[in-house]
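# Notes for the structure review
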Amino acid sequence: MAYNGFAIDEYLDAVQVTKDLDELIKKPIYSINKEALKHYEEDYFEKKCAKSKEMITRAKETIPGGVQHNLAFNYPFPLVITKAEGAKLYDLDGNEYFDLLQAGGPTILGSNDKVVREKVIELLNTCGPSTGLFHEYELKLAEKIKECVPSVEKFRMLGSGTEACMCALRIARLKTGHKNVLKMGGAYHGWSDQMAYGMRVPGTKNIKSGGVPMFVFKHTDEFFPGDLKALERKLRRNRLRGGTAAVYIEPIGPESGTRPVTKEFVQGCERLAHKYGALLVCDEVVSGFRIGLGGAQAYYGINPDLTIFGKIIAGGYPGAGGVGGHADCMAHLGAGLDVQDPNAAKGKKAKKAKKIKKAMCGGTMAATPISCVAGYYAICEIQKRNACEVAGRMGDRLTKGLQALIKKYNLPFVAFNIGSVCHLDSVGTMHFSINWKKLWTIPHVLKETTKRQREMEHMGAAYMAEGIVTLAGSRLYTSAAYTEEMIDEVLERFERVFKNCECIEPELLEKK
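The shown structure was predicted, so the numbers you read here are calculated from the model rather than taken from an experiment. (Residues numbered from 1 in each chain as written. Predicted model: local features only at pLDDT ≥ 70, side-chain atom pairs only at ≥ 80, totals over all residues. Heavy atoms only, no water.)

### Some details on helix α2 (residues 34-48)
Spanning 15 residues, α2 covers 20 Å between terminal C-alpha atoms, matching the ideal 21 Å at 1.5 Å per step. Buried residues of α2: Ala36, Leu37, Tyr40, Tyr44 and Phe45, and no others. Sitting at the head of α2, asparagine 33 places a side-chain oxygen 3.2 Å from the backbone nitrogen of glutamate 35. (Helix = DSSP H or I, 4+ residues; strand = E, 2+ residues; numbered from the N terminus. Expected span 1.5 Å × (residues − 1). Buried < 20%, exposed > 50% of the residue type's maximum accessible area, 1.4 Å probe, protein only. Polar contact = N/O pair within 3.5 Å; in protein donor to acceptor, adjacent residues only side chain to side chain.)

Printed below as a string of structure tokens:
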């Protein structure tokens, strides 16, 4: 497709990447060596991040774990960020970092974009952040999203991606009359009770769903990403158990493409969902307005019934969530009393027209003026600056550079990207899966993922000490604020870490 406004020049070979990851988890672990890690801990974190350490120590007395966002749990302790600007972050001690976390993906323009910030300040000087009543930018944002994403005929703003995922399932059940939901194994569709299933590692079912009773998942199941036969088997089975209301997918693959999928698979999900009377729900919390203005769905050529939005639709500001889709589906979200079917008869026959039952949906702080203004201008600026393509080019440059470094230092790491969503997998923690037909393998998988998770943390610490902020030491988001010179400097910093990586399981290496 050669970009054409999208973040992707040439789509990755998902089959080959999967084979590479399959090989990675069979190999002994390579990670930052003990001496280098100790040096980073003592000379960087202890000496140069003392104020952060002191504040986090205090925070643990009041805040469980010391921080309030999962992305902030970094080894050996979280850093306190005080300034964000473009491609850079700055901590409490005055240290500067290249930002490849990008708040988990939403800030494709770069952090704290000046244009968006000025519009937000203008709003705060007049209306304020929230009134509880309608604001003109609710309409402007909804119209802008409809203009950009072809499948979205109507849009409803919510407070988060989690809320949007919950709401979409309620819509799907009312629209189809079916009970069950099938989600992509390993994908994260928020932390609500029914969707907190099969997260991060395919096949985990409820293992990572602490506090959620098993009976809640009576109508929830997962299917293995990339396997259309597995999806159809479960759709067929559900016909005897109340039908399938919705098939949820992350179009670029679970956990932002950690386990990449083919275009044919994504298109097959749409075909099979409709074949069995289910709605296709496309979770574009990360990929929406990052892969392209029309989302990843426009790149893959699919037309989902419902789309989940998050993060970017509030421009990186709070209140970042929403659901959009076809008018006949979105009719179930009409405000006030139950609304009339938009396809029902008009005129004299209107009295007999079918009434559409409204899905339970709320949120006092949804669609606040501050979130709608920020989201509207963020999308306008993405469009004006061709930010998706610019960030995608930076993602390509970063990934190609990492692949060259991996080869140079003869490391088993796997680097790949889907536009500006880049992956540097050093241990393959999230490439494992659980097969419940082989129960004896579960302890092995849990042991391996725990061990490898620890090394992900160590690698993340090494990157941080070299001035690179990543997501869990394995996921990297580029933004339009990056330049080629910046990416090249980032690669020099990665190289300083790679130079100090070695096999930490030499006994396994000898056996091989």
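Anyway, onward from the coordinates.
### Things to note about the packing of helix α7 (residues 228-238) against helix α9 (residues 263-275)
Each packed pair of helices is defined by two parameters, the angle between the axes and the distance between the axes. Their axes nearest at 10 Å, the elements α7 and α9 cross at an angle of 15°. By the angle class used here, α7 and α9 are roughly parallel. Viewed along their axes, α7 and α9 form a crossing whose handedness is right-handed. Residues Leu228, Leu231, Glu232 and Leu235 of α7 touch α9, and the partners they reach there are Glu264, Phe265, Gly268, Cys269, Arg271, Leu272, Ala273 and Lys275. Residues that form the contact of α7 with α9 fall into these classes: 7 nonpolar, 1 polar and 4 charged. (Axes fitted to C-alpha atoms, helices over the stretch in contact; angles between N-to-C directions. Parallel < 35°, antiparallel > 145°, perpendicular 65-115°, else oblique. Left-handed = near helix turned anticlockwise from the far one by under 90°. Contact = heavy atoms within 4.5 Å. Nonpolar A, V, L, I, M, F, W, Y, C, P; charged D, E, K, R; others polar.)

### Quick word on the side chain of arginine 493
Along the polypeptide, arginine 493 turns up in helix α15 (residues 484-498). Those residues in contact with arginine 493 that lie beyond four places of it in its chain are Phe98, Glu466, Gly467 and Ile468.

### Some words on the nonpolar core
Across soluble globular proteins, nonpolar side chains show a tendency to be buried alongside one another. Core analysis: the largest hydrophobic core is formed by 82 residues, its most contacted members being Leu398, Leu424, Phe494 and Phe498. Among all residues touching leucine 398, those that are not within four sequence positions of it are Leu100, Cys422, Leu476, Thr478, Ile487, Val490, Leu491 and Phe494. In this structure, Val120, Ile145, Phe155 and Ile370 belong to the second largest nonpolar core, which totals 32 residues. (Core = buried A, V, L, I, M, F, W, Y, C linked by side-chain atoms within 4.5 Å.)

### Some remarks on the packing of helix α13 (residues 387-408) against α15
Relative to each other, α13 and α15 sit at 25°, their axes nearing to 10 Å. The angle between the axes of α13 and α15 places the two elements in the roughly parallel class. Classified by chirality, the crossing of α15 by α13 is right-handed. When α13 is examined against α15, the residues Met394, Arg397, Leu398, Gly401, Leu402, Leu405, Ile406 and Lys408 are found in contact with a partner set consisting of Glu484, Ile487, Asp488, Val490, Leu491, Phe494, Glu495 and Phe498.

### Description of unusual backbone geometry
With an omega of 0°, the peptide bond between tyrosine 75 and proline 76 qualifies as cis. Structurally, the position occupied by proline 76 is in the loop between α3 (50-59) and β2 (81-85). A positive phi angle is found at lysine 311, which is not glycine, with a value near 50°. The topology assignment puts lysine 311 in the loop between β10 (306-310) and β11 (321-325). The backbone phi angle of asparagine 386 is positive, close to 55°, even though this residue is not glycine. The residue asparagine 386 is located in the loop between α12 (369-385) and α13 in this model.

### Considering the sheet that holds strand β16 (residues 468-469)
One open sheet accounts for 4 strands, arranged β2-β3-β4-β16; its pairing is mixed. Of all strands in the sheet, those bounded by a partner on one side alone are β2 and β16. Here strand β4 (residues 96-99) pairs with β16 via 2 bridges, running parallel. The partner of aspartate 99 across the bridge, within β16, is valine 469. With respect to the sheet, α15 is in contact with β4 and β16, its orientation differing from that of β4 by roughly 110°. (Pairing = 2+ DSSP bridges.)

### Focus: the packing of aromatic side chains
Considering all chains together, one arrives at 17 aromatic pairs under this definition. Taking the centre distance of 5.0 Å and the plane angle of 80° together, the rings of tyrosine 376 and tyrosine 377 count as edge-to-face. Judged on exposure class, the residue tyrosine 376 and its partner tyrosine 377 are both buried. Of the aromatic side chains, those joined through ring pairs into one cluster are Phe6, Tyr11, Tyr299 and Tyr300. Over the ring of phenylalanine 98 we find lysine 88, and its NZ or CZ is 4.8 Å from the ring centre. Positioned above the aromatic ring of tyrosine 3 is the side chain of arginine 393, whose terminal nitrogen or guanidinium carbon lies 4.1 Å from the ring centre. (Phe/Tyr/Trp six-rings, centres within 6.5 Å; stacked < 30°, edge-to-face > 60°. Lys NZ or Arg CZ within 6 Å of the ring centre and 35° of its normal.)

### Observations regarding the pairing of strand β14 (residues 414-418)
When you tally the buried positions in β14, you get 5 out of 5 residues, the bulk of the element. As defined by bridge partners, β14 adjoins strand β15 (residues 421-425) across 5 bridges and the pair is classed as antiparallel. Each residue of the ladder has a partner; that of phenylalanine 416, found in β15, is histidine 423. Count of turn residues in the β14/β15 antiparallel hairpin: 2 residues, of which glycine 419 carries a positive phi of about 65°.

### Observations concerning the pairing of β15
Along β15, 5 of the 5 residues are buried, which leaves the element largely enclosed by surrounding structure. Side chains Val421, His423 and Asp425 project from β15 onto one buried face, and the interleaved Cys422 and Leu424 project onto a second face that is buried too. Here β15 pairs with strand β17 (residues 475-477) via 3 bridges, running antiparallel. Counterpart to valine 421 in the pairing with β17 is tyrosine 477.

### Examining the environment of methionine 365
Structurally, the position occupied by methionine 365 is in the loop between β13 (355-356) and α12. On the basis of relative accessible area, methionine 365 is assigned to the exposed category, the value being 54%. Sequence-wise, methionine 365 and methionine 157 are 208 residues apart; in three dimensions their C-alpha atoms are separated by 9.9 Å.

### Considering the environment of threonine 204
The residue threonine 204 is located in the loop between β6 (180-184) and β7 (220-223) in this model. Separated by 230 residues in the primary sequence, threonine 204 and isoleucine 434 place their C-alpha atoms 6.1 Å from one another. In this structure, threonine 204 is in contact with Gly198, Met199, Glu222, Ile434 and Trp436, ignoring residues within four places of it in sequence. Separated by 3.0 Å, the side chain of threonine 204 and the backbone oxygen of valine 201 make a polar contact.

### Some points on the pattern of salt bridges
Between side chains of opposite charge, a pair can form when the charged atoms approach closely. Taken as a whole, this structure holds 25 salt bridges when the rule is applied. In this structure, aspartate 43 and lysine 47 form a salt bridge, with 3.7 Å as the shortest nitrogen-oxygen distance. Here aspartate 43 pairs with lysine 47, and both are found in helix α2, just 4 residues apart, close to one helical turn. Taking the shortest distance from any N to any O, the salt bridge between arginine 496 and glutamate 466 comes out at 2.8 Å. On the criterion of sequence distance, the pair formed by arginine 496 in helix α15 and glutamate 466 in the loop between α14 (442-465) and β16 is long-range, its members being 30 residues apart. Assessed through its relative accessible area of 37%, arginine 496 is described here as partly exposed. Among the residues examined, glutamate 466 registers a relative accessible area of 13% and is labelled buried. Several salt bridges converge on common partners, so that one network encompasses Asp113, Glu381, Lys384 and Arg385. (Salt bridge = Lys/Arg side-chain N within 4 Å of Asp/Glu carboxyl O.)

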